[in-house]
Amino acid sequence: MIRHKLYVAKRMLYCIILKLIYKNHFMLKGELIADSNCHFIFGPRSLLSVFGKLVLNDESIVSNGRSTILRIDEDGAFNVNGTANFFYGGDIIIFKGGELSIGNSFINSNFKIRCHNRITIGDDCAISHDFTVMDSDAHCINGNKVKSEVHIGNHVWIGARVLVLKGVTIGDGAVIAAGAVVTKDIPSRALAVGIPAKIVKREVEWSK
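Cut-off values and rules
- Residues numbered from 1 in each chain as written.
- Predicted model: local features only at pLDDT ≥ 70, side-chain atom pairs only at ≥ 80, totals over all residues.
- Heavy atoms only, no water.
- Patch = residues over 30% accessible without salt bridge, like charges linked within 9 Å, V, L, I, M, F, W, Y side chains within 5 Å.
- Areas by Shrake-Rupley, 256 points an atom, 1.4 Å probe, with all protein chains shown as cover.
- Salt bridge = Lys/Arg side-chain N within 4 Å of Asp/Glu carboxyl O.
- Helix = DSSP H or I, 4+ residues; strand = E, 2+ residues; numbered from the N terminus.
- Buried < 20%, exposed > 50% of the residue type's maximum accessible area, 1.4 Å probe, protein only.
- Core = buried A, V, L, I, M, F, W, Y, C linked by side-chain atoms within 4.5 Å.
- Contact = heavy atoms within 4.5 Å.
- Pairing = 2+ DSSP bridges.
- Polar contact = N/O pair within 3.5 Å; in protein donor to acceptor, adjacent residues only side chain to side chain.

Points about a nonpolar patch on the surface
Together, Leu13, Ile16, Ile17, Leu20 and Ile21 line one region of the surface with nonpolar side chains, adding up to about 510 Å² of accessible area. Along the polypeptide, isoleucine 16 turns up in helix H1 (residues 2–21). You can call isoleucine 16 partly exposed: its relative accessible area is 48%.

As structure tokens, then:
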């Protein structure tokens, strides 16, 4: 299809321009794929490190007008350790000093990531659309702003419209049902559902 070939060519050109403009913020030991609907905002000493492949606005066969925003504030870091695919309509903010890491995994459209401290997503994760993860309350309560790391293990399946909140660890092989709000740790190979998410089954196995 001519439109697709033209889209791919424009995407390649856009990535070349990005590497020139933001060379001080990129450590590319692999490949970056993004189109002109992707917007990058870098603060002082912020760094995007790609050891593999990072695809932003994935599944856009042609330019569909949907934007993905990647903002890394001062001293923030985004580490890609494998092939990470982020679909269109994404919104990633890594606040001052925050660190986001992801392995061989994908996140579907319209997701939001708010990283104030540290968020880690492992390998072989399948994360559906309208996913939100945040490792902080964002605002102060009684003068305190609480931040606590979030860890999502390997081979985790997260359904549509799931919200993962601060201080949570989701174990390897776990399944989080659509619409769940995860406020506490979920052990490996457990199925969790509801608001707040509760374990309803253990020793589950799932496949793509």
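Let's talk about the nonpolar core
In this structure, Leu54, Phe78, Phe86 and Ile170 are the most contacted members of the largest nonpolar core, which totals 49 residues. Leaving out residues up to four positions away in the same chain, leucine 54 has contacts with Glu31, Leu32, Ile33, Leu48, Phe78, Val80, Ala84 and Phe86.

A look at the environment of lysine 10
In this structure, lysine 10 sits in helix H1. In this structure the C-alpha to C-alpha distance between lysine 10 and histidine 39, which are 29 residues apart in sequence, comes to 15 Å.

Topic: the sheet that holds strand S16 (residues 150–152)
The strand order across the open sheet built from 7 strands is S1-S4-S7-S10-S13-S16-S19, with neighbouring strands paired in parallel fashion. Each of the sheet's edge strands pairs with one partner strand only, and the pair in question is strand S1 (26–28) and strand S19 (169–170). Here strand S10 (residues 99–102) runs beside strand S13 (residues 118–121); their pairing, made up of 4 bridges, is parallel. Its bridge partner lying in S13, glutamate 99 is registered against arginine 118.

Topic: unusual backbone geometry
With the exception of glycine, the majority of residues adopt a negative phi angle, and the majority of peptide bonds are in the trans configuration. Here the bond from isoleucine 195 into proline 196 is cis, since omega is -10°, no more than 30 degrees from zero. Tracing the chain through its elements places proline 196 in the loop between strand S22 (191–193) and strand S23 (198–201). In this model, aspartate 124 sits at a positive phi of 60°, which is unusual for a non-glycine residue. Its location among the elements puts aspartate 124 in the loop between S13 and strand S14 (126–127). Under the relative-accessibility criterion, aspartate 124 is labelled partly exposed at 30%.

Structural notes on the sheet that holds strand S8 (residues 83–87)
Strands sit in the order S2-S5-S8-S11-S14-S17-S20-S22-S23 across an open sheet of 9 strands; the sheet is mixed. Every other strand in the sheet has two partners, leaving strand S2 (31–33) and S23 as the edge strands with one partner each. As judged from the 3 bridges shared by S22 and S23, these two strands associate in the antiparallel manner. For alanine 192, the partnering residue across the bridge sits in S23 and is isoleucine 199.

Observations regarding the side chain of threonine 68
Of note, threonine 68 is situated in strand S6 (residues 68–72). A relative accessible area of 1% means that threonine 68 is categorised as buried. A distance of 2.4 Å separates a polar atom in the side chain of threonine 68 from a polar atom in the side chain of asparagine 57. Those residues in contact with threonine 68 that lie beyond four places of it in its chain are Asn37, Cys38, His39, Leu56, Asn57, Phe87, Tyr88, Gly89 and Gly90.

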